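Fold and geometry: a report
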Amino acid sequence: MDTSNQTTTPTVLLIDDERMNRLIVGDYLRDSGYAVLEAESSSEGLRIFDNARPDIVITDLRMPGGDGNQVVTRLQNVAPDTPVIIISGTANLEEALCMLREGASDFITKPVREMDRIKHAIDAAMKKAHLHRENRLVKSALEDAIQQQTHELRDLNAKLKNALESTVNALGVIVAQKDPYTAGHNDRVARIAMTLGHSMGLSRDRIDTLRVAGNLHDIGKISVPGEILNKPGRLTQEEFERVKVHPETGFEILKDIPFHGPVAEIVLQHHERYDGTGYPRGLKRDEAMLEARILAVADIYEALTSDRPYRQALPHEQAMAHIIREAGKQICPLCACAFIAANKSGVLSAIARNEHIENIADHENTHP
Ligand SMILES: [Fe+2]
């Protein structure tokens with residue numbers, strides 16, 4: 001905190017074209033303990049100010065070659081903390097108020113009958129300037145502290161986000177190890193879902209939630225025995241029921257993790273179908289979240305165009321035909337439209353496989 005004004009002799013710059021006034025006021029100020037610099041015009045006063053940086057300026061208003069208001073205006077720009085006191089014998093009340101609005105600290109009329117009036121004005125102006133300076137320093141220190149804390153919070157958030165991402169990736173790796181046929185499936189579902197979300201104009205946050213949910217949508221399969229997941233043939237009803245639990249298991253695993261979006265709920269709903277034939281709750285139409293409906297169609301498409309233990313991949317065109325056929329039935333029509341729109345860009349076909357299977361719906365329902 002700057003305390004120089006409290007510990008050193010304050011310097012006053014006195015600007016007045018009348019020598020007698022400078023003499024009277026100057027002597028009084030020196031006798032009162034101030035160091036005094038004198039100038040006979042505003043231009044000379046400003047020059048001295050620039051060189052000597054006095055603590056306070058007292059200036060006449062009317063002077064040949066430049067008025068005192070120039071001093072006020074200039075100091076407001078270059079040294080707003082330096083008080084300027086106007087002493088004038090000619091100004092009216094309106095001019096005085098105007099000078100105060102411009103930034104003058106005080107206004108004293110000449111002739112000065114009580115010289116103590118000047119000392120009081122100086123003391124009050126310097127005290128006020130000192131308070132202003134301290135306030136500014138405190139404000140600046142506060143702003144620095146807030147900025148520092150904001151940086152730290154941002155860093156902490158980034159670290160937490162990274163930790164969460166690492167956890168998500170680790171969980172994905174665990175599932176992929178248990179079910180190697182789905183290795184890469186989660187990533188492709190996530191990318192397809194993000195493409196659809198983008199095509200539907202979803203916000204960046206919602207698209208990112210689709211990415212996370214896509215990567216984790218089958219996390220619940222961790223509780224399904226590997227021999228069921230990797231069974232080459234048709235599942236028995238009992239086995240199928242075991243697999244059907246995976247959205248709820250996934251929800252239980254994810255529900256307490258502080259994701260940015262409703263990842264656990266989307267995972268819970270990713271096997272719901274638009275016509276209510278899905279599971280676990282048989283949600284119809286928009287009873288399931290839009291993100292879950294997007295993920296569902298991405299999951300269906302990716303499953304159809306991938307090789308599985310129980311069948312070969314379907315060509316992209318046939319998978320697309322299936323999506324179009326099921327639009328409004330199992331598949332949300334809005335999502336099917338987004339699929340068709342996204343397909344035009346060629347992004348989706350890059351994921352597709354080129355081999356053929358006979359009965360799409362049968363395979364889609366045999367292995368969830
Ligand atoms: Fe699934």
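A quick note: this is a predicted structure, and the numbers were derived from the prediction, not measured.

**Points about the coordination of the iron ion**
- Looking at the metal site, the iron ion is ligated by Asp218 (OD), His246 (NE2), His270 (NE2) and His271 (NE2), spaced 2.1 to 2.3 Å from it.
- One chain supplies every donor for the iron ion, spaced along it as D-x27-H-x23-H-H. Note that Asp218 is positioned in the loop between helix 8 (204-216) and helix 9 (226-229) and His270 in the loop between helix 12 (263-269) and helix 13 (290-304), a separation of 52 residues in sequence.
- Residue classification places Asp218 among the buried residues on the basis of a relative accessible area of 3%.
- Judged by relative accessible area, His270 falls into the buried class, the value being 0%.

**Side note on the layout of surface pockets**
- Space inside the largest pocket adds up to approximately 460 Å³.
- Lys161, Leu164, Pro258, Phe259 and His260 are, among the 17 residues lining the largest pocket, the residues nearest its centre.
- Secondary structure elements with two or more residues in the lining of the largest pocket: helix 6 (116-178) and helix 8.
- When residues of the lining of the largest pocket are assigned to their parent elements, the largest contribution, 7 residues, is made by helix 6.

**What to know about unusual backbone geometry**
- Backbone torsion omega between Tyr279 and Pro280 reads 10°, so that peptide bond is classified as cis.
- Inspection of the secondary structure assignment puts Pro280 in the loop between helix 12 and helix 13.
- At Arg53, a residue that is not glycine, the phi angle is positive and equals roughly 45°.
- The topology assignment puts Arg53 in the loop between helix 3 (42-52) and strand 3 (56-60).
- For Arg53, a relative accessible area of 44% translates into the label partly exposed.
- A positive phi angle, near 45°, is found at Arg285, a position not held by glycine.

**Notes on the packing of aromatic side chains**
- Within this structure, the stated rule accounts for 1 aromatic pair.
- Where Tyr301 meets Phe339, the ring centres are 5.0 Å apart and the plane angle is 55°; that geometry is what we call tilted. Linking Tyr301 in helix 13 with Phe339 in helix 15 (residues 333-344), this pair joins segments that are 38 residues apart in sequence. Residues Tyr301 and Phe339 agree in their burial class; the two are buried.

**Digging into the nonpolar core**
- Core analysis: the biggest nonpolar cluster contains 44 residues, and Leu196, Leu216, Leu254, Val263, Ile294 and Phe339 have the highest contact counts within it.
- Secondary-structure elements contributing two or more residues to this core are helix 6, helix 7 (185-199), helix 8, helix 11 (246-254), helix 12, helix 13, helix 14 (316-326) and helix 15.
- Look past the residues within four positions of Leu254 in its chain and what remains in contact with it is Leu171, Leu216, Ile219, Phe259, Val263, Ala264 and Val267.
- Counting residues in each nonpolar core, the second largest holds 19 residues, with Ala39, Leu61, Met63 and Val71 among its members.

**A look at the pairing of strand 1 (residues 11-15)**
- Counted residue by residue, strand 1 has 4 buried out of 5 residues, so it is predominantly covered.
- Where strand 1 meets strand 2 (residues 35-39), 5 bridges bridge the pair, whose relative direction is parallel. Bridging from a neighbouring strand, Thr11 pairs with Ala35 of strand 2.
- Between strand 1 and its parallel partner strand 2, the chain crosses via helix 2 (residues 19-31), and the hand of that crossover is right-handed.
- Note: strand 1 against strand 3, 4 bridges, orientation parallel. Looking at strand 3, one finds that Ile15 is bridged to Thr59.

**Observations concerning helix 14**
- Among all positions in helix 14, only His316, Ala319, Met320, His322, Ile323 and Glu326 are buried. Down the axis of helix 14, the smallest arc covering the buried residues is 155°, so these residues share one side.
- Note on helix 14: the residue one or two positions beyond its end, Gly328, has a positive phi of about 85°.

**Observations concerning the UniProt feature "modified residue: 4-aspartylphosphate" (unreviewed entry) in the protein chain**
- In the numbering adopted here, UniProt assigns the feature "modified residue: 4-aspartylphosphate" (unreviewed entry) to Asp60.
- Relative to the assigned elements, Asp60 resides in strand 3.
- Setting aside residues no more than four positions away along its own chain, Asp60 makes contact with Ile15, Asp16, Asp17, Gly68, Ile87, Ser88 and Lys110.

**With respect to the packing of helix 13 against helix 14**
- At a closest axis distance of 9 Å, the pairing of helix 13 and helix 14 adopts a crossing angle of 145°. Classified by chirality, the crossing of helix 14 by helix 13 is right-handed. Contacts from Val297, Ile300, Tyr301 and Leu304 in helix 13 reach His316, Ala319, His322 and Ile323 in helix 14.
- In terms of residue class, the contact of helix 13 with helix 14 is built from 6 nonpolar, 2 polar and no charged.

**Considering the domain arrangement of the protein chain**
- What the domain assignment lists for the protein chain is domain 1 (4-140) and domain 2 (179-366).
- Here the C-alpha centre of domain 2 lies 78 Å away from the C-alpha centre of domain 1.

**What about the packing of helix 2 against helix 6?**
- Relative to each other, helix 2 and helix 6 sit at 60°, their axes nearing to 10 Å. The handedness of the crossing between helix 2 and helix 6 is right-handed. Contact residues: helix 2 offers Val25, Tyr28 and Leu29, while helix 6 offers Asp116, Ile118, Lys119 and Ile122.
- When the residues that make up the contact of helix 2 with helix 6 are grouped by side-chain class, the tally is 5 nonpolar, no polar and 2 charged.

Rules and cut-offs
- Residues numbered from 1 in each chain as written.
- Predicted model: local features only at pLDDT ≥ 70, side-chain atom pairs only at ≥ 80, totals over all residues.
- Heavy atoms only, no water.
- Donors = N, O, S within 2.8 Å, 3.2 Å for Na, K, Ca; no water.
- Helix = DSSP H or I, 4+ residues; strand = E, 2+ residues; numbered from the N terminus.
- Buried < 20%, exposed > 50% of the residue type's maximum accessible area, 1.4 Å probe, protein only.
- 1 Å grid on protein atoms, 1.4 Å probe; cavity = no way out; pocket = protein on both sides within 12 Å on 5 of 7 lines; lining within 4 Å.
- Points joined across faces, edges and corners; volume = space filled by probe spheres on them.
- Phe/Tyr/Trp six-rings, centres within 6.5 Å; stacked < 30°, edge-to-face > 60°.
- Core = buried A, V, L, I, M, F, W, Y, C linked by side-chain atoms within 4.5 Å.
- Contact = heavy atoms within 4.5 Å.
- Pairing = 2+ DSSP bridges.
- Right-handed = clockwise from strand over helix to strand, strands pointing away.
- Arc of directions from axis to C-beta.
- UniProt positions renumbered as here; feature names shortened; annotations may be inferred.
- Axes fitted to C-alpha atoms, helices over the stretch in contact; angles between N-to-C directions.
- Left-handed = near helix turned anticlockwise from the far one by under 90°.
- Nonpolar A, V, L, I, M, F, W, Y, C, P; charged D, E, K, R; others polar.
- Domains from an automatic or database assignment.

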